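These are the residues of each chain, in order.
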Amino acid sequence: MAQFANVMEVLSLLDKSNCRKCGEKTCMVFAASVFSGKRQLHECPTVSKEDIAKYGVQPKKRNKIEEENEKVLSLLKDRLASIDFEERAETIGATSHNGRITLKIMGKDFSVDKEGNAYTDIHVNPWVLIAALNYIIFSKAKPLSSNWVPLRELPSGKDWYRLFGQSCEKVLKKTADTYSDLFSDLVRMFSGTQVEDQFKSDVAVILSPLPLVPMLICYWKPEEGMESALGLFFDDTGEANLGIEGLYSLGVGFASMIEKLARQHGHSV
Ligand code: SF4
């Protein structure tokens, strides 16, 4: 099977009409996704059968972030082996049974065994797994205060805020801009609760990605030449209950899950 040497080689096989049938805004974006292994050539309906057969399924290229996530997961899994599931379950609002600890993530059961293998119906990306393992191992299980704050106002938030804005809030905002049913779908699919009067936003939804780590998403629609805006807020106990790295992973994992969902529903992001 032939491998692509660069993005331009992929682009040369597309008709460059930017028709968006693949869900991407331009052929160039699609070509870059194929080159990185995120998308496959056959997802563009204009590519010839011969070219699809020639290039087949391209392997996903590992990037630095994936390698880093793998290292973090491996450290967390080592640590998990020494955790007393029964004792932790009582503390962190989970249950323990048959060598697994089970929590609710977005209202759905999510179990982990001693080796760190996850058992759940929801799509789990490595970010979400990192957040869940951080919660099981490190959560201080502080009672919620119901005082919502942005990440930058948490004790160690300043160092993470910019990166969080780029990798989480910006991704979610782009999704919300094009996916008009996003907030009602979050309520329907992830047991979210729509709330009023939150920071003067047009829409606000509270989600429970982990038992003691709720998340408030506020969206301000565009108006009079002003761009839309989106902010993600945590309870001010968030850092005690998940750690700043766990909160970062949770936000980025959630944003990437939602971006994928939007694409599946045919909303280009
Ligand atoms: S489907 Fe995507 S990649 Fe194919 S021609 Fe249309 S925009 Fe370009």
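Residues numbered from 1 in each chain as written. Predicted model: local features only at pLDDT ≥ 70, side-chain atom pairs only at ≥ 80, totals over all residues. Heavy atoms only, no water.

### Re helix α4 (residues 64–80)
Item 1. Compared with an ideal rise of 1.5 Å per residue, which puts 17 residues at 24 Å, α4 spans 24 Å between its outermost C-alpha atoms and is within 8% of the ideal.
Item 2. When we look at burial in α4, the residues that qualify are N69, L73, L76 and L80. Burial along α4 is one-sided: seen end-on, the buried residues are contained in an arc of 65 degrees. With respect to the buried face of α4, the exposed residues turned more than 90 degrees away are K64, K71, L75 and D78.
Item 3. Buried residues along α4 sit against α5 (85–92), β3 (108–113) and α6 (126–138). (Helix = DSSP H or I, 4+ residues; strand = E, 2+ residues; numbered from the N terminus. Expected span 1.5 Å × (residues − 1). Buried < 20%, exposed > 50% of the residue type's maximum accessible area, 1.4 Å probe, protein only. Arc of directions from axis to C-beta. Contact = heavy atoms within 4.5 Å.)

### Looking at the side chain of T102
Item 1. The residue T102 is located in strand β2 (residues 100–105) in this model.
Item 2. At 2.8 Å, the side chain of T102 and the side chain of S111 are in polar contact.
Item 3. Beyond its immediate sequence surroundings of up to four residues, T102 is in contact with A94, T95, D109, F110 and S111. (Polar contact = N/O pair within 3.5 Å; in protein donor to acceptor, adjacent residues only side chain to side chain.)

### Some remarks on the pairing of strand β7 (residues 203–210)
Residues in a regular strand point their side chains to alternate faces of the sheet.
Item 1. The element β7 is largely enclosed, with a buried count of 6 among its 8 residues.
Item 2. Looking at chain direction, strand β6 (residues 193–194) and β7 are connected through 2 bridges and run antiparallel. Following the sheet pairing, T193 is matched in β7 by I206.
Item 3. Here β7 pairs with strand β8 (residues 213–220) via 6 bridges, running antiparallel. From the neighbouring strand, V203 faces β8, where its bridge partner is Y219.
Item 4. Where β7 folds back onto β8 in an antiparallel hairpin, the turn is made up of 2 residues. (Pairing = 2+ DSSP bridges.)

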